[in-house]
Structures are given as structure tokens and as C-alpha cells.
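Next come the chains, spelled out residue by residue.
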Amino acid sequence: MAGPIALEQATQWRAFRAVLRRDLYVTWRELPAFLAQVILQPLFLLFVFGKVLGSLGYTRNNYAHLLFPGLLALTAVLTAMQTLAFPLVAEFGWTKEIEDRLLAPMPTLFVAAEKVLFALLRSFVATLIMLPIGVLILGSIPWRWSGFPLFVAGLVLGALVGAGFGLLMGTLVQPQRINLLFSLVFTPLLFTGCSQYPWPSLDRLRWFQVVTAANPMTYVSESLRGALVPSVPHIQPWICLLVLAVAICVLMSVGVKGFYRRAID
Amino acid sequence: MPKVHPRPYDFEVLPRNDAGHAVEVVDLVKRYPKAPVNAVDGVSFGVAAGEVFGLLGPNGAGKTTTVGMLTTRVRPTGGRALVGGIDVMRDPVRARRQVAVVPQRSNLDRSLSIRDNLVFHAAYHGVPARERERRAAELLDQFGLLDRAGDKPDFFSGGQGQRVMIARALMHAPQVLFLDEPTTGLDPAARLFVWDRLRELRDSEVTLILTTHDMDEAAFLADRVAIMDHGRLLALDTPAALIGGLEGEGTLELAADGSADGAVVDALAALTGVERVETVHLQAENGAEAPPPAAQPLRVRLYLTGDAALHVAPAAAVLADHGLALQDVKLGTPTLEDVFIHLTGRTLR
Ligand SMILES: Nc1ncnc2c1ncn2[C@@H]1O[C@H](COP(=O)(O)OP(=O)(O)OP(=O)(O)O)[C@@H](O)[C@H]1O
Ligand SMILES: [Mg+2]
């Protein structure tokens, strides 16, 4: 029976790859829009907080180096999240575009997995673009090859957390409530994720430290700080990675459940 | 292929030619979460390979839900459905290879051009690259879409979108093609175009299952028609047999200027040549309550032996005897609409 089963699996993977190719094709054709979407926000944050405030003397010299890993974390998480959440709300809600893919000869889970993989790819591209932009704006960026494995782990887990959030939001949020996504989800996530300040320094603001500890993005920021600027006090990397792994499992399993609920009546 | 034994109906639900069934449905049930009643309530039928099968029913009858279950988009609550011999519940992935759907509402990919919509659909289904280009060119031509092949579907009219979706559905050469109300909302020319394409498909291998609430469409296109209402099948046969099942050769529909009691109906039924009289009631529509039947102006349909025109004068006389004036008369031979009225006591729309 190996023959027919192998053939069946080949068909399913071919469908998976075709759907991924469709997403890449559309992104490629809309490249300027994609770049604007992923670059603009971190670019401005980097410029204002890293450059302008520093030049005016409101922040200390090393603040930009502390901020940079945080902005990488922010970009990784938010890009993955946006890539999933908004199209999903639209496709399930009103364009119904996703139906043609749901009817392709592959398990429903593959359609969700493709969305996640695509979100990861976009997230990586967006984060990597930040490196030259950082050099350009700040003159230099913190970089340690010895921190590279942790850097990669932090980015991958960060993108996965973002994708998990995106899947959850994209299948949970009703289309008519899509603007609530911005005000009630994105903004709080953006500012409680420790991308603009190291978590241990929040000692003096105990309640906020507790709040930020509940945001998985905090652990992405902290692990990237641990990788690039270890002299800044940060949460132990193993704690970060462990918390992220748990958060990913929870977000993904709830998100996939939501996806099934929307995909099959 | 497992043999299916539908539960007994008082009509034949399986195709008479036993060339092999493209679709077999047994006691299919769907209840949506939190719904008080079943949207599809124990439906059984079989469709022969190459047949054109029509599901005729009013809004909310359960047509889309039935199509959804057969195409793996809706999970059945009970019963069984085989498409191309494959159980849609047990093996949805393989079932998807057999089918294509033209949905009731457009679900074209708005980020892709028309041509890319076709080409990527074929790619999802594993059609090799060169073959999908060839088929896309052929189908775009056949459906009169060549000059718009590079456009995005955003500004397409309903009729153009419908053409694109039928073309897209054919890209992976499905065994069974489901069309959910393929001509609803189209103007007469666009409808004729779609009908022509579907008539062409009849002559090919593909099995067509189409839903509609248009009796003309069902009668014109379908080999057999199932009449569905409230999630149940009320009848299933060839259009000719369904119509032939109504006694009489003609119908006469009369509308009077006031309401009336059973005495008028009895008097009409007593006329010579009148086989049967049916009272037609208005339906509540769009939330507006219809007046109670007793308060509605009289509207009856007479099933006749012989020429309908000869019965107008006697019928008008009966109405006059009861103080009513004739307001509207329609003569005709029975249609599927009459079959529907006969089965449910109300009009299709
Ligand atoms: N996703 C859903 N959730 C809950 N109820 C639903 C859902 N889809 C359909 N229904 C209900 O199921 C019943 C059958 O609906 P269905 O769409 O199958 O009818 P239909 O015959 O296709 O009607 P129409 O001619 O209006 O398209 C209706 O009462 C409808 O309200
Ligand atoms: Mg419908």
C-alpha cells in the first residue's frame, strides 16, 4: 500500500506548495506595499527613539543599542501577526477567497500551516531588513556572533508567537470588529512587549512589570537582548525560550481550533 | 464501491440507468449549531455518472447546505455521502479531488487576475504547469473571457464572475461539478450563455449537480429533478414524469377580487372537466406577515382535462354566483411550478 499513500501525500504537498507559491507571487507583485507595511513602523520608532531623542540628549548613549533588539522583536512578532490576522478576517468574513484553497486536495490543517509558514517568511524578511536600516540610522548596531544561536531562536519563536496570535485573532474576530483589533490588541501588545525598555529595569514599576510579564513578546525582546546586548540586565534566555515554547503551543492549538471552526461549518 | 441502500421513499431516488453512481447520499442530516431544526433533514438520492441532476427548492430549503456537505465544506450531522465512490466524511481530501464547486456567492481570488485565478486553481489540484496554461487559454476562450483575462475580478459583473467561476471549476477536470444557483441574478442574455455552456457540459463526461429555484432552468437543464423543501426531498424524477404525475392536461389559474370560503372551491371542483382545485396562498415575505389565508383574495388553480380556455366562462360564472368578480386568468399546461405547488401548497417564490 506504500505506493498509493506516497502518491496521495505527493498530491497533498503539491497543493501545499502551490498555495504557498500563490502567496509569494502576490507578495512579489505587491512588493512596495509589503515593504512599506513592514518597514515603516519600526523605522520611525528607531529614528525617533534611537536617533532623535538621543541627539537631543533625552536618552543616554547606549539607549539606541538597548532599543534595537527590542525593535527587532517587535517587527518579528507584529509582522507575523499582521500577515495572518487581517487577510484571515477578510477571507473568512467577506471575500471568501480562502474557499478555493480549502477545497484543494489537502487536509484543512495544511491550509492553516501554509498561512503560518508564509507569515514566518514575511516576518524573517522584515526583521532582516531592519539590520541594514539600523546601521544606516544609528551608525552601528549591536552584534555578537556568539549570541547568534540565541538570536535565531528568539526570532523564530517570536515569529511563531506572532503567527499564533494572528491565527487566533484572524479566526476569532468578526469582520465588523476588525478595527477593534488595532485598538484593543495591537496597541497594548506593542507597548507592553518590553521592546522599548528592559524588563528587569521595571522593578521600580512593579505592577507594570507584572503586566508585561504576561505578554509573550516580552520574552522575545528579552531573548534578543540577551543575544545582542548581554551587558544590559535581561531575563535568563532559557526562561524566555521556555515561556515562548509554551505560549506558542497554547496559541497555535487554540488558533488551529478556531481555523477549523471557520473552515468547516 | 460500497453499495448504498437509501431508506424507502414513496418515489425512486436512484437513477434508473445503473451505469455507476457519481454521487450517493443516504439519510443525510445537517443541524447547524444552536439551530432549532435540521437544515437538511434526512435526504437520500443517487446521481448517475454523466447525469445532470437538479435540486429545486425555495430559499432556505437546504440546497447550499447539501452541496456544502457533498463538497466537504459542511460537516454532516448524520448519514452518509459518497462522491465518486469516496466517503466525504471519512476521506475528505480524496473527495475534494473529485469535485468542483461554483458557489452561490463569488469567492474569486481578488489578488489574482482572471487567468491566474484559473491557473492557480489548477495548480492547487496538481495539474502540470504546461497543461494548466493550455486549459486556461481554452476555457477563457470558450467562456468569452479572453479580452479580460488580465483583469482582477473586482469590477466584474455578476454574470462575468459566474463565467469565471465555472471556467475555474473546470480547470482540474472534476468528475462531479456542483453549481449552486448558477444563474440567479443574471440577466436573460447572461443566463442563456450559462445555459448553453452547461448544455455543452451535458454531452461531456462530467456529472452536474445544480441547485436552483427556477423551474424553467431545472426543466431545461436537468435529466432528473429533486424537489426540496425544509430540508427534505418531496419528489424526485425526470421533469416530464413529475409534470405528468399531475392529472389533467391543462391548468387554469383564477384570481378573484375578494376572499371566499370553501363553498366556491367546492363549486369549482364540481364543474365538468375539473380534476382538482388548489387554493394558492400568499407567503409571508421579508418578515412581512401575509394576511391570514381566510382574509386573502381568492386565488385558485384548476387542473383540467381538456382545453383550459373552454373552462374560463363556466368558472367565471361560478365566481359570479358567489358574488366575486374575476380579476386575473392564466391558462397553461402544468409546469414544475405546479408540481411544487401541488406538493407544498405554496408557490416557489
Ligand atoms: N452557516 C450556517 N449557520 C447556521 N445556519 C445556517 C448556516 N447556513 C445555512 N443555515 C440555515 O440552514 C437553512 C438552509 O440553508 P441553505 O443555505 O442550505 O438553503 P438554500 O436552499 O441554499 O437557500 P437559498 O435559496 O436562499 O440559497 C436555512 O434555514 C439557513 O438559515
Ligand atoms: Mg443556497
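This one's a predicted model, so the numbers in the text were calculated from it and none came from an experiment.

Trainee: How should the overall build of chain B be read in this particular structure?
Mentor: Tallying secondary structure elements over chain B gives eleven helices and 14 strands in all. Across the 349 residues of chain B, 54% fall into the buried class. For chain B, contacts bridging at least 24 residues in sequence account for 71% of all contacts bridging at least 6. Summed over its atoms, the accessible surface of chain B is roughly 15,100 Å², and 52% of this surface lies on carbon and sulfur atoms.

Trainee: Help me out: how do you make sense of the site of ligand 1 in this one?
Mentor: Contacts to ligand 1 come from 14 residues, most closely from G60(B), K63(B), T64(B), T65(B) and E181(B). In this structure, ligand 1 sits where chains A and B come together, each supplying nearby residues. Between ligand 1 and the protein, one listed contact pairs an oxygen atom with a side-chain N or O atom of N59(B) at 3.0 Å. Contacts to ligand 1 include T64(B), whose side-chain N or O atom sits 2.6 Å from an oxygen atom. The fraction of the free accessible surface of ligand 1 (630 Å²) that becomes covered by protein chains is 62%. Here the residues of the shell around ligand 1 are counted per class, giving four nonpolar, seven polar and three charged.

Trainee: What exactly am I supposed to notice about the domain arrangement of chain B here?
Mentor: Reports of interface size often rely on the accessible area that becomes lost once the parts have come together. In terms of domain boundaries, chain B breaks down into domain 1 (21–243) and domain 2 (247–333). Computed over C-alpha atoms only, the centres of domain 1 of chain B and domain 2 of chain B are separated by 38 Å.

Trainee: Just to check I follow, could you spell out the side chain of R224(B) for this structure?
Mentor: Positionally, R224(B) belongs in strand β9 (residues 224–229). At a separation of 2.5 Å, a polar atom in the side chain of R224(B) contacts the side chain of E51(B).

Trainee: I tried to follow the packing of aromatic side chains on my own but got confused; where do I start?
Mentor: Each pair of aromatic rings is reported with the distance of its centres and the angle of its planes. In this structure the tally under the stated criterion is 17 aromatic pairs over all chains. Ring geometry for F16(A) against F110(A): centres 6.0 Å apart, planes inclined by 85 degrees, an arrangement best described as edge-to-face. A residue pair is termed long-range when its members are at least 10 positions apart, and F16(A) in helix α1 (residues 2–29) and F110(A) in helix α5 (residues 108–138) qualify at 94 residues. F110(A) carries the same exposure label as F16(A), and that label is buried. Here the aromatic rings of F45(B) and F53(B) are separated by 4.8 Å at their centres, their planes lie at 15 degrees, and the arrangement is stacked. For the pair F45(B) and F53(B), one class covers both residues: buried. Put simply, the rings of W143(A), W145(A), F148(A) and F151(A) pair up and form one aromatic cluster.

Trainee: Could you clarify how one ought to interpret the coordination of the magnesium ion (ligand 2) in this entry?
Mentor: Tetrahedral coordination by four donors places them ideally at 109.5 degrees to one another around the metal; octahedral coordination by six donors ideally gives 90 or 180 degrees. Within the protein, T64(B) (OG1) and Q104(B) (OE1) serve as the donor atoms for the magnesium ion (ligand 2), at 1.8 to 2.3 Å. Of the two residues, T64(B) is situated in helix α1 (residues 63–70) and Q104(B) in the loop between β6 (99–102) and α3 (114–124); the sequence distance between them amounts to 40 residues.

Trainee: Is there a simple way to explain the sheet that holds strand β12 (residues 274–279) of chain B in this structure?
Mentor: Whether parallel or antiparallel, the strands of a sheet pair through hydrogen bonds between backbone atoms. Residues and elements named next belong to chain B. Pairing in this open sheet of four strands is antiparallel, and the strands run β12-β13-β11-β14 from one edge to the other. At either end of the open sheet lies a strand with only one pairing partner, and these are β12 and β14 (326–332). Mean inter-strand twist for the sheet, computed between neighbouring axes without regard to direction, equals 20 degrees. Relative to β14, strand β11 (residues 250–256) runs antiparallel, the two sharing six bridges. The partner of A255 across the bridge, within β14, is D328. Lying on the sheet, helix α9 (residues 262–269) is in contact with β11, β12 and β13 (299–304); it crosses β12 at an angle near 155 degrees.

Trainee: Where do I start with the environment of I166(B) in this structure?
Mentor: All names here are of chain B. Here I166 is to be found in helix α5 (residues 158–170). Overall, I166 belongs to the buried group, its relative accessible area being 0%. Considering only alpha carbons, one finds I166 and D307, 141 residues apart in sequence, at a separation of 42 Å. Sequence-distant contacts of I166, defined by excluding residues within four places in its chain, comprise V102, F143, L179 and V194.

Trainee: Could you clarify how one ought to interpret the interface of chain B and chain A in this entry?
Mentor: Each side of the interface is counted separately: chain B has 31 residues, and chain A has 30 residues. It is R73(B), R96(B) and Y124(B) in chain B that bury the most area against chain A; as a group they hold 29% of the surface buried on that side. Along the contact surface separating chain B from chain A lie five salt bridges. Between D116(B) and R29(A) there is a salt bridge, with the nearest N and O atoms lying 3.7 Å from each other. Where chain B meets chain A, there are 14 residue pairs in polar contact (both at pLDDT 80 or more). Those elements that provide at least two residues to the side of chain B that touches chain A are α2 (92–98) and α3 of chain B. Ranked by residues supplied to the side of chain B that touches chain A, first place goes to α3(B) with five residues.

Trainee: Please clarify how a nonpolar patch on the surface should be interpreted in this entry.
Mentor: Among the surface-exposed residues, W238(A), I239(A), L242(A), V246(A), V250(A) and V254(A) lie close enough to one another that they form a single nonpolar patch of about 560 Å² accessible area. With respect to the element layout, L242(A) can be found in helix α10 (residues 237–263).

Trainee: What am I meant to see in the pairing of β11(B) here?
Mentor: In regular strands, side chains alternate between the two faces of the sheet. All names here are of chain B. Across the seven residues that make up β11, a large majority, seven, are buried. Side chains of β11 alternate between two faces, with G250, L252, L254 and A256 and T251, E253 and A255 buried alike. Two strands pair when backbone bridges link them, and β11 and β13 are joined in this way by six bridges, in the antiparallel orientation. By the bridge assignment for β13, L254 is matched with V300.

Trainee: Hey, could you run me through empty space enclosed by the protein in this one?
Mentor: Gaps left between atoms show up when a probe the size of a water molecule is rolled over them. With the rule as written, the count across this model stands at two cavities of 30 Å³ or more. For the largest cavity, the calculated volume is near 80 Å³. Q37(A), V38(A), Q41(A), P42(A), L74(A), T75(A), L78(A), T79(A) and Q82(A) together form the lining of the largest cavity. Looking at the lining of the largest cavity, the elements with two or more residues in it are α2 (31–55) and α3 (63–95) of chain A. Among the elements that line the lining of the largest cavity, the one with the most residues is α3(A), at five residues. Broken down by class, the residue content of the lining of the largest cavity amounts to four nonpolar, five polar and no charged. In terms of lining residues, the second largest cavity is bounded by E97(A), D100(A), R101(A), D109(B), L112(B), N117(B), F120(B) and Y124(B). Breaking the lining of the second largest cavity down by element, the ones donating at least two residues are α4 (98–102) of chain A together with α3 of chain B.

Here is what the cut-offs are and how they apply
Residues numbered from 1 in each chain as written. Chains lettered and ligands numbered in written order. Predicted model: local features only at pLDDT ≥ 70, side-chain atom pairs only at ≥ 80, totals over all residues. Heavy atoms only, no water. Helix = DSSP H or I, 4+ residues; strand = E, 2+ residues; numbered from the N terminus. Buried < 20%, exposed > 50% of the residue type's maximum accessible area, 1.4 Å probe, protein only. Contact = heavy atoms within 4.5 Å. Areas by Shrake-Rupley, 256 points an atom, 1.4 Å probe, with all protein chains shown as cover. Near = heavy atom within 4 Å. Polar contact = N/O pair within 3.5 Å; in protein donor to acceptor, adjacent residues only side chain to side chain. Nonpolar A, V, L, I, M, F, W, Y, C, P; charged D, E, K, R; others polar. Domains from an automatic or database assignment. Phe/Tyr/Trp six-rings, centres within 6.5 Å; stacked < 30°, edge-to-face > 60°. Donors = N, O, S within 2.8 Å, 3.2 Å for Na, K, Ca; no water. Pairing = 2+ DSSP bridges. Axes fitted to C-alpha atoms, helices over the stretch in contact; angles between N-to-C directions. Buried area = accessible area lost by both parts, 1.4 Å probe. Salt bridge = Lys/Arg side-chain N within 4 Å of Asp/Glu carboxyl O. Patch = residues over 30% accessible without salt bridge, like charges linked within 9 Å, V, L, I, M, F, W, Y side chains within 5 Å. 1 Å grid on protein atoms, 1.4 Å probe; cavity = no way out; pocket = protein on both sides within 12 Å on 5 of 7 lines; lining within 4 Å. Points joined across faces, edges and corners; volume = space filled by probe spheres on them.

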